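# Observations on chain architecture
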Amino acid sequence: MKPTIRPMTIREAKDFLVAQTAEQAALEGVPLSDLERRMMYFTESSYVPEDPIKLNEEFEAEYDSDEYESKISRLLHHAYRRLRKENDAVRKNWNLAIKCLRRGDHYLLVMWDLASSGEKSPGDSLKLIASSLGLAALAILAAFIAPKFEVQWRWFQEAAQTHWHVLFGMFIAIFLGVLFFPRRVGNAMDWLLDHTFGLFGPKEDEKDSE
């Protein structure tokens, strides 16, 4: 039997992520005040070491939320990339901490899910290249098999003409989803791509903790 890893509590998860973020800020020479660290614990639905209303009021009086979220998101992602190279055990703890926070509504998790402003991770470029190659492969495959499936292709064209309003409705639904819920759609696409690529490579990091 594999050794059982005790799941993190919300406080332990946040303590760990805040500590790693502070360490990354020190490595990069980025100032990180006590108030900025305390704000990383903010939530309206779970444990907070202090009054969340007073904490939010104090924070809004001194900081711009958009700038703060971009800053913390960048530090979080930089810290995770560093840990992936330096310490596999600590990286697994990071995954456990994120998994723990997924069970609730936490400000820290919102900033982790944000894309780092002005930069892309190597994984983003890989996904873009893979997607482009996939579309090119599908186009080539379609060109080769089209003559063999002329009857089926003709049926598809007739069905598309008959049910064009259904296809148009699906397009509008997707467009509105991207327009009004870009973060959720992006997370869904990331999940789909990650699990698709996972079929051809190592298992997800979180599987290590099972």
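Everything discussed here concerns the structure shown above.
The structure reproduced in this document is the subject of the present report. What you see is a predicted model, and the numbers here were worked out from it, not measured in a lab.

## Points about the overall build of the protein
- Along the protein, the regular secondary structure elements total 10 helices and zero strands.
- In the protein, which comprises 210 residues, the proportion classed as buried is 27%.
- For the protein, the accessible surface area stands at approximately 14600 Å², while carbon and sulfur atoms represent 63% of it.

## Focus on the packing of aromatic side chains
- A complete count under the given rule lists eight aromatic pairs for this structure.
- Considering the side-chain rings of F59 and Y68, the 4.7 Å spacing of their centres and the 65° angle between planes classify their relative orientation as edge-to-face.
- F59 gets classed as buried once you look at its relative accessible area, which sits at 1%.
- The exposure class of Y68 is buried, given its relative accessible area of 2%.

## Some points on the packing of helix 4 (residues 65-86) against helix 5 (residues 88-101)
- The geometry of helix 4 relative to helix 5 is characterised by a closest axis approach of 7 Å and an angle of 140° between their N-to-C directions. Relative to helix 5, the element helix 4 lies oblique. The element helix 4 and its partner helix 5 pack so that their crossing is left-handed. Across the interface between the two elements, L76, A79, Y80, L83, R84 and E86 from helix 4 touch D88, V90, R91, W94 and N95 from helix 5.

## Remarks on the pattern of salt bridges
- For the structure shown, the criterion picks out 10 salt bridges.
- A salt bridge links R38 to E58; its shortest N-O distance comes to 2.9 Å. Pair noted here: R38 is in helix 2 (residues 34-39) and E58 is in helix 3 (residues 52-60), with a separation of 20 residues, a long-range link.
- Overall, the relative accessible area of 21% leaves R38 in the partly exposed class.
- Since its relative accessible area comes to 32%, E58 is described here as partly exposed.
- Residue K92 is joined to D88 by a salt bridge in which the shortest nitrogen-to-oxygen separation is 3.4 Å. Note that K92 and D88 are positioned in helix 5 at a spacing of four residues, about one turn of the helix.
- With relative accessibility at 30%, the residue K92 sits in the partly exposed group.
- Residues joined by salt bridges that share partners form a network here, namely D34, R38, E50 and E58.

## Quick look at the packing of helix 1 (residues 10-28) against helix 4
- At their nearest, the axes of helix 1 and helix 4 sit 9 Å apart, and the two run at 90° to each other. Classed by the angle they form, the pair helix 1 and helix 4 counts as roughly perpendicular. In contact with L17, Q20, T21, E23, Q24, A25, L27 and E28 of helix 1, helix 4 contributes L75, L76, H78, A79, R82 and L83.
- Its residues assigned to classes, the contact of helix 1 with helix 4 shows seven nonpolar, four polar and three charged.

The rules behind these values
Residues numbered from 1 in each chain as written. Predicted model: local features only at pLDDT ≥ 70, side-chain atom pairs only at ≥ 80, totals over all residues. Heavy atoms only, no water. Helix = DSSP H or I, 4+ residues; strand = E, 2+ residues; numbered from the N terminus. Buried < 20%, exposed > 50% of the residue type's maximum accessible area, 1.4 Å probe, protein only. Areas by Shrake-Rupley, 256 points an atom, 1.4 Å probe, with all protein chains shown as cover. Phe/Tyr/Trp six-rings, centres within 6.5 Å; stacked < 30°, edge-to-face > 60°. Axes fitted to C-alpha atoms, helices over the stretch in contact; angles between N-to-C directions. Parallel < 35°, antiparallel > 145°, perpendicular 65-115°, else oblique. Left-handed = near helix turned anticlockwise from the far one by under 90°. Contact = heavy atoms within 4.5 Å. Salt bridge = Lys/Arg side-chain N within 4 Å of Asp/Glu carboxyl O. Nonpolar A, V, L, I, M, F, W, Y, C, P; charged D, E, K, R; others polar.

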